Each structure stands twice: as structure tokens, then as C-alpha cells.
Amino acid sequence: NAGVTQTPKFRILKIGQSMTLQCAQDMNHNYMYWYRQDPGMGLKLIYYSVGAGITDKGEVPNGYNVSRSTTEDFPLRLELAAPSQTSVYFCASRNRGFSPGELFFGEGSRLTVL
Amino acid sequence: KNEVEQSPQNLTAQEGEFITINCSYSVGISALHWLQQHPGGGIVSLFMLSSGKKKHGRLIATINIQEKHSSLHITASHPRDSAVYICAVGGSEKLVFGKGTKLTVNP
């Protein structure tokens, strides 16, 4: 049982480049999330999905895009990378329900934009 | 004012001490989460609670819905407890996170 798997763990990008952060979960969770964590700040929600084919913006969606074609996968696309996108990115998932379950996080992806 | 406030921001303790970390929130919630993040590491869920109290080993989490307040207690603290502890609250879909409390336990 792998849980939530994120790749890559580290990446350096040049300004203007694009890339995709991959996230996959094997727990059949409906809800999936992308957060960014900046030093000294709480986790900020970028995008989330409540099921395959459904995505919605969070607090800080500008410069990012997502898709959810399957229950398992929730990739985050960075277009035209900017230094402000230097951060640690976490993917998370949990069950849907009247009382949604515990959150499961990936190990994080550290992105530097130079 | 942030929707989720944690206190203290930083906490240093000696091994064996009783630790309390507090979380106050201003939004309506269906559940509150306590998370742990070790330096350079990932984030793991410690507790999810919507009422009362939960205990897991040396960790105890309580919540008072009326006062919109939760506490995380660590009994007999150990250096391996050194980490950032994060409080998160929310409804059925999204969560709001506190900035975290950095705990250092010295031997």
C-alpha cells in the first residue's frame, strides 16, 4: 500500500519553463488536494478535486493548472514558471463522506525557480 | 485575523516535560486535524476529531467546539517529538491550516 506518491522530489526550473508535478494515490480516495508550503507560512490550497472530472480553485491557483481524469491521479501543471513559485508542494488525499476521513500526504516536491 | 491561530509559534522543552500546543479557530468546522511534520520531511496525520478527546500513545488531543479551541498534549516528551505540529480545520471539502508550532525537545 503506497499511499500518496509524488514525483519528482526535487526540481530546479528556469524562469518561463513549464513542468508537471505528479500525484497518485492507491486508496480510492475521492478528495485530492495540492498545497504549497512557503517558509513560516501555513499550507495554502492551490487546487482540489472531489472526484474524477471535477476540479476547483483554492486560495492560490494563479500560474497552475490541474486535471483529474482518474480517481488515482491528480497532476499539477506549472506554466511559465516564476521565482514566486519556488516552494514545497504537497499532494494530499482523503475519503469523502459525511465525516471526511484522515488526510494522507505525499512526501512533498521541492521546486526552485531560478 | 487568521482563521486558524496556533500558540506558541515556537516551543523548547526538556526531555520528559509535559507539552501543550493550542489551536483556536474562527470558522465553522466539521472536523479538526492535528498533523506532524519533521524537519525536511513529509506530513503525517496524528488526529482527526470533531468532539471530545482522543489519545494515541503519549499524545492526547482535545477539542471544545463551543469555545472553538483545541489542544494537543504530549506527555513525557522525547527528542524524537521535535517537529512542527500543524492544526487544520474545515468542512466537508476544504481545510484551513495554521502556521504550525515548532517544538524542540532537548535531551
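Trainee: How should the state of the cysteines be read in this particular structure?
Mentor: Formally, a disulfide is one covalent bond, and it connects the sulfur atom of one cysteine to the sulfur atom of another. Residue and element names in this part refer to chain B. On inspection of all chains with the given rule, the structure shows 2 disulfides over all chains. Residue Cys23 pairs covalently with Cys87 via a disulfide, S to S 2.0 Å. Handedness of the Cys23-Cys87 disulfide follows from its S-S torsion of about -65°: it is left-handed. One end of the pair, Cys23, is in strand β3 (residues 19-25); the other, Cys87, is in strand β9 (residues 83-90), and 64 residues separate them in sequence. You can call Cys23 buried: its relative accessible area is 0%. On the accessibility criterion, Cys87 (0% relative accessible area) is buried.

Trainee: Sorry if this is basic, but what is going on with the environment of A:His29 here?
Mentor: All names here are of chain A. Take His29: it is sitting in the loop between β3 (19-25) and β4 (31-37). Take His29: its relative accessible area is 4%, and that puts it in the buried class. For the pair His29 and Val88, spaced 59 residues apart in sequence, the C-alpha to C-alpha distance is 23 Å. The contact partners of His29, leaving out residues within four places of it in the chain, are Arg68, Thr71, Ser93, Arg94, Asn95 and Phe104. A polar atom in the side chain of His29 sits 3.4 Å from the backbone nitrogen of Arg94.

Trainee: Looking at this structure, how should I read the packing of aromatic side chains?
Mentor: Here the distance between the centres and the angle between the planes together describe a pair of aromatic rings. What the rule picks out here adds up to 7 aromatic pairs over all chains. Taking 4.9 Å as the distance between ring centres and 75° as the angle between the ring planes, the aromatic pair formed by A:Tyr35 and B:Phe97 counts as edge-to-face. Here A:Tyr35 is found in strand β4, whereas its partner B:Phe97 is found in strand β10 (residues 95-97) on a different chain. Like B:Phe97, A:Tyr35 is buried. By the ring-pair criterion, three or more aromatic residues cluster together here, those being A:Tyr31, A:Tyr33, A:Tyr35, A:Tyr48, A:Phe90, A:Phe105 and B:Phe97. For A:Arg68, the ring lying beneath its charged end belongs to A:Phe74, and the centroid distance is 6.0 Å.

Trainee: Quick question: what am I supposed to make of the sheet that holds strand β1 (residues 4-7) of chain A here?
Mentor: What holds strands together in a sheet is hydrogen bonding between their backbones, with the strands either parallel or antiparallel. Residue and element names in this part refer to chain A. Ordered in space as β1-β3-β8-β7, the 4 strands form an open sheet in which the pairing is antiparallel. The sheet terminates laterally at β1 and β7 (64-66), the two strands that pair on one side only. For this sheet the average axis-to-axis angle between neighbouring strands, irrespective of direction, equals 20°. Summarising the sheet, β7 and strand β8 (residues 76-78) pair through 3 bridges and their orientation is antiparallel.

Rules of the game
- Residues numbered from 1 in each chain as written.
- Chains lettered and ligands numbered in written order.
- Predicted model: local features only at pLDDT ≥ 70, side-chain atom pairs only at ≥ 80, totals over all residues.
- Heavy atoms only, no water.
- Disulfide = S-S within 2.5 Å.
- Helix = DSSP H or I, 4+ residues; strand = E, 2+ residues; numbered from the N terminus.
- Buried < 20%, exposed > 50% of the residue type's maximum accessible area, 1.4 Å probe, protein only.
- Contact = heavy atoms within 4.5 Å.
- Polar contact = N/O pair within 3.5 Å; in protein donor to acceptor, adjacent residues only side chain to side chain.
- Phe/Tyr/Trp six-rings, centres within 6.5 Å; stacked < 30°, edge-to-face > 60°.
- Lys NZ or Arg CZ within 6 Å of the ring centre and 35° of its normal.
- Pairing = 2+ DSSP bridges.
- Axes fitted to C-alpha atoms, helices over the stretch in contact; angles between N-to-C directions.

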